[in-house]
Amino acid sequence: MFDVSQAHFSHSMMSTLPLLVALVLIASSSSFKLVSISPTPLTRFAWDPTRAPKPTPTPTPSTTDFVSTTNPRRLQFIHRDKEMANIFSQNAAWVASKKSIHGPDFFKNQIANHHPTYLWIGCSDARVPANEIMGEDTGSVFVVRNVANMVIGTDFNAMSAIQFAVDYLEVPHIIVCGHYDCGGVRASTQHIDHKPPLENWLRSIRDVYRLHQKELDKIKDEEKRHRRLVELNVVEQCINLFKTGVIQRKRVETFKDEEIEVTLPRIHAVVFDPETGVLNKLNVDFKQYINELHDIYDLYKPETEGKTGEGAPHAPGKA
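Residues numbered from 1 in each chain as written. Predicted model: local features only at pLDDT ≥ 70, side-chain atom pairs only at ≥ 80, totals over all residues. Heavy atoms only, no water.

Chemist: So what's going on with the pattern of salt bridges? Which residues, and what values?
Modeler: For the structure on display, the rule yields 13 salt bridges. A salt bridge links arginine 210 to aspartate 207; the nearest nitrogen and oxygen atoms lie 3.8 Å apart. Of this pair, arginine 210 and aspartate 207 both sit in helix α8 (residues 198-211), three residues apart, which is roughly one turn of the helix. Taking the shortest distance from any N to any O, the salt bridge between glutamate 215 and arginine 228 comes out at 2.5 Å. Taken together, the positions of glutamate 215 in helix α9 (residues 213-217) and arginine 228 in helix α10 (residues 222-243) put the pair 13 residues apart, joining distant regions of the chain. The exposure class assigned to arginine 228 is partly exposed, which follows from its relative accessible area of 27%. In the salt-bridge network here, residues are joined through shared partners; they are Asp125, Arg127, Asp181, Arg186 and Glu223. (Salt bridge = Lys/Arg side-chain N within 4 Å of Asp/Glu carboxyl O. Helix = DSSP H or I, 4+ residues; strand = E, 2+ residues; numbered from the N terminus. Buried < 20%, exposed > 50% of the residue type's maximum accessible area, 1.4 Å probe, protein only.)

Chemist: Break down the packing of aromatic side chains for me, citing the residues and quoting the values.
Modeler: Where two aromatic rings form a pair, the distance of their centres and the angle of their planes describe that pair. For the structure on display, the rule yields five aromatic pairs. Each ring, one from phenylalanine 142 and one from phenylalanine 164, has its centre 5.8 Å from the other, and the planes form 35°; the classification is tilted. Residue phenylalanine 142 is found in strand β4 (residues 141-146), and its partner phenylalanine 164 is found in helix α6 (residues 156-168); the two are separated by 22 residues along the sequence. Residue class for phenylalanine 164 comes out partly exposed when judged on its relative accessible area of 38%. Pairwise contacts between aromatic rings join Trp94, Phe106 and Phe107 into one cluster. The ring of tyrosine 180 carries arginine 227 above its face, with NZ or CZ at 3.7 Å from the centroid. (Phe/Tyr/Trp six-rings, centres within 6.5 Å; stacked < 30°, edge-to-face > 60°. Lys NZ or Arg CZ within 6 Å of the ring centre and 35° of its normal.)

Chemist: Run through a nonpolar patch on the surface, naming residues and quoting values.
Modeler: Residues Met84, Ile87 and Phe88 make up a contiguous nonpolar surface patch of roughly 310 Å² in combined accessible area. Relative to the assigned elements, isoleucine 87 resides in helix α3 (residues 85-102). (Patch = residues over 30% accessible without salt bridge, like charges linked within 9 Å, V, L, I, M, F, W, Y side chains within 5 Å. Areas by Shrake-Rupley, 256 points an atom, 1.4 Å probe, with all protein chains shown as cover.)

Chemist: Mind laying out the packing of α8 against α10, listing which residues take part and the relevant values?
Modeler: With their axes 10 Å apart at the nearest point, α8 and α10 run at an angle of 105° to one another. In terms of orientation, α8 lies roughly perpendicular with respect to α10. Contacts from Ile205, Val208, Tyr209 and Leu211 of α8 reach α10 at Arg225, Leu229, Leu232, Asn233, Glu236 and Gln237. Grouping the amino acids of the contact of α8 with α10 by side-chain chemistry returns six nonpolar, two polar and two charged. (Axes fitted to C-alpha atoms, helices over the stretch in contact; angles between N-to-C directions. Parallel < 35°, antiparallel > 145°, perpendicular 65-115°, else oblique. Contact = heavy atoms within 4.5 Å. Nonpolar A, V, L, I, M, F, W, Y, C, P; charged D, E, K, R; others polar.)

Chemist: Outline α6, supporting the account with residue identities and numerical values.
Modeler: Taking 1.5 Å per residue, 13 residues should reach 18 Å; α6 reaches 17 Å between its end C-alpha atoms and fits that length. Those residues of α6 lying buried are Ala158, Met159, Ala161, Ile162, Ala165 and Val166. Seen end-on, α6 carries its buried residues on one side only, within an arc spanning 165°. Seen from the buried face of α6, the exposed residues on the opposite side, beyond 90 degrees, are Phe156, Asn157 and Tyr168. (Expected span 1.5 Å × (residues − 1). Arc of directions from axis to C-beta.)

Chemist: Give me the layout of surface pockets: which residues, what numbers.
Modeler: Computed from the structure, the largest pocket encloses a volume of approximately 270 Å³. The wall of the largest pocket is formed by 16 residues, among which Leu211, Glu236, Asn240, Lys243 and Tyr297 lie closest to the centre. Among the elements of the structure, α8, α10 and α12 (286-297) are those that each provide at least two residues to the lining of the largest pocket. Across the lining of the largest pocket, the residue classes tally to eight nonpolar, three polar and five charged. Approximately 160 Å³ is the volume attributed to the second largest pocket. Where the lining of the second largest pocket is concerned, the elements lending two or more residues are α7 (183-188) and α10. Residue contributions to the lining of the second largest pocket peak at four residues, all from α10. Per-class residue counts for the lining of the second largest pocket are three nonpolar, three polar and three charged. (1 Å grid on protein atoms, 1.4 Å probe; cavity = no way out; pocket = protein on both sides within 12 Å on 5 of 7 lines; lining within 4 Å. Points joined across faces, edges and corners; volume = space filled by probe spheres on them.)

Chemist: Could you give an account of the sheet that holds strand β5 (residues 173-179), with specific residues and numbers?
Modeler: Here five strands make up an open sheet; going across it, the order is β4-β3-β5-β6-β7 and the pairing mixed. Unpaired on one side and paired on the other, β4 and β7 (278-281) mark the two borders of the sheet. Taken over all neighbouring pairs, the strand axes of this sheet differ in orientation by 25° on average, direction set aside. Sheet topology note: the strand β6 (residues 266-273)/β7 ladder contains four bridges and is antiparallel. The residue bridging valine 270 from the neighbouring strand is lysine 281, located in β7. Strands β3 (118-123), β4 and β5 of the sheet are contacted by α6, whose axis makes an angle of about 165° with β4. (Pairing = 2+ DSSP bridges.)

Written as structure tokens, this is what we have:
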């Protein structure tokens, strides 16, 4: 043990002050601890083996949390492929696979053939890839993704994509897809300021809870309440679509067109379960919802005599 407790300050020791400072710095290191302090003796320092640095164990894939960027396993992966070479090699394999299945002109044919059937409004969550979980190939799904699959009128990115899909691509189906274990939905139920702009975004989900508070508060199980909020959020985002001028205008046009059997675009509420991989359609009567709200949100009032459908006259439908 290194013991300097018997040393004393004096005018003659002022010249040794740099040495004392060095000792204090040594004592503050991870291998020393403060034992005692006295106005007369100097601080006593002792080697503390319990505070000695311990070797970092090698992380195992089965037990290591891969989320944190400080995680050794993730850092090792990032350092090993900092130029993302794996992405480009995988792309080359994907190109070869597509050509082997669809022929060598597959990608050339895609150039003049952008007529997607679906507009998908989904969450940014990496576990919810639209094409894959729908079993659809390249070119069939036009995609909008954001935190918690929201349709917000002031989100110009989403509104522009919806307008482009409806007016120019003329997609017949719009899908709003939520998913269980949604981080955005979970965050909205926390009494935490997530700070702008994220907190501003989550406030819209809090509004969904407010609209359905009586139903949600009756659900005591936290996970079941979360799943129900995910579903209700999807329904409310579908209703937000019906409120938009571009959707109303297109549905009125197709409602009047005798050659079109159903009013377009059709709007579908679905939820994906990452735990099972299953995509489920929610049983929602949009006609009931919209008939209650059309006096507020109607922008177009077509003649509907003799016709029935989804939400007429606000969102007329033939079938």
